[in-house]
Amino acid sequence: MNTSTTDHTDATSRTPSWSLPVPLTGATCAVLHFGGVWTWWALLWVPLLVVSVVCIAYEWRASARNRCRMGFGAWLLLTIAHLGCVAALALILGK
């Protein structure tokens, strides 16, 4: 009989936090807006966009894995992060 009292949910109890993708996409959009797309500013916005997309994908994986119920603030941050990413891609593509 297993009488272990250790809880093995420390790695799987990660709840998504959309507060990191918001400033990343905001910084990407600001650099794209004020610096231009195809100048030397690309050295700054390309890594910012890649990190924000990776961060958004990670948060979606955490959200799907835990099936958490998000509050209004989390939904608002999720929407802002995705709109910022779409706006950055629209600036890059020139639409």
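Residues numbered from 1 in each chain as written. Predicted model: local features only at pLDDT ≥ 70, side-chain atom pairs only at ≥ 80, totals over all residues. Heavy atoms only, no water.

1. Side note on the overall build of the chain
This is how it is decided: Note on conventions: DSSP H or I runs of at least 4 residues are helices, E runs of at least 2 residues are strands, and numbering of each starts at the N terminus. Between buried and exposed lies partly exposed: a residue is buried under 20% and exposed over 50% of the maximum accessible area for its type, with that area taken using a 1.4 Å probe on protein chains only. Whether two residues are in contact is decided by their heavy atoms, any of which lying within 4.5 Å being enough. Each accessible area is a Shrake-Rupley result for a 1.4 Å probe, and residues are judged covered by the shown protein chains and nothing else.
Looking only at helices and strands, the chain features 3 helices and 0 strands. Counting only residues that meet the buried cut, the chain has 31% of its 95 residues in that class. Once local pairs closer than 6 in sequence are excluded, the contacts in the chain between residues at least 24 apart make up 79%. Just so you have it, the chain exposes about 6,600 Å², and 70% of that area is on carbon and sulfur atoms.

2. Describing the packing of helix α2 (residues 42-66) against helix α3 (residues 72-93)
Condition: A fitted line through C-alpha atoms represents every axis, and for helices the fit uses only the stretch in contact; the resulting angles, taken between N-to-C directions, go from 0 to 180 degrees. Crossings are assigned a handedness: left-handed for a near helix turned anticlockwise from the far helix by less than a right angle, right-handed for a clockwise turn. Three classes are used, and their members are as follows: Ala, Val, Leu, Ile, Met, Phe, Trp, Tyr, Cys and Pro are nonpolar, Asp, Glu, Lys and Arg are charged, and the others, Gly among them, are polar.
Running from N to C, α2 and α3 point in directions that differ by 145°, and their axes come no closer than 11 Å. Taken as a pair, α2 and α3 cross one another with a handedness that is left-handed. Contact with α2, carried on its side by W45, L49, V53, I56 and W60, involves L78, A81, H82, C85, A88, L89 and I92 of α3 and no other residues of that element. In terms of residue class, the contact of α2 with α3 is built from 11 nonpolar, 1 polar and no charged.

3. Brief notes about α3
Filter applied, for reference: The span one expects for a helix is its residue count, reduced by one, times 1.5 Å. The arc refers to the directions leading from the helix axis to the C-beta atoms.
With 22 residues, α3 should reach 32 Å at 1.5 Å per residue; the first-to-last C-alpha distance of 31 Å fits that figure. Inspection of α3 places L78, A81, G84, C85, A88 and I92 among the buried residues, and these make up the whole buried set. What you see down the axis of α3 is that its buried residues fit within an arc of 130°, all on one side. For α3, exposure combined with an orientation more than 90 degrees from the buried face picks out F72, L83, V86 and L93. Once α3 ends, the next one or two residues include G94, with phi positive near 80°.

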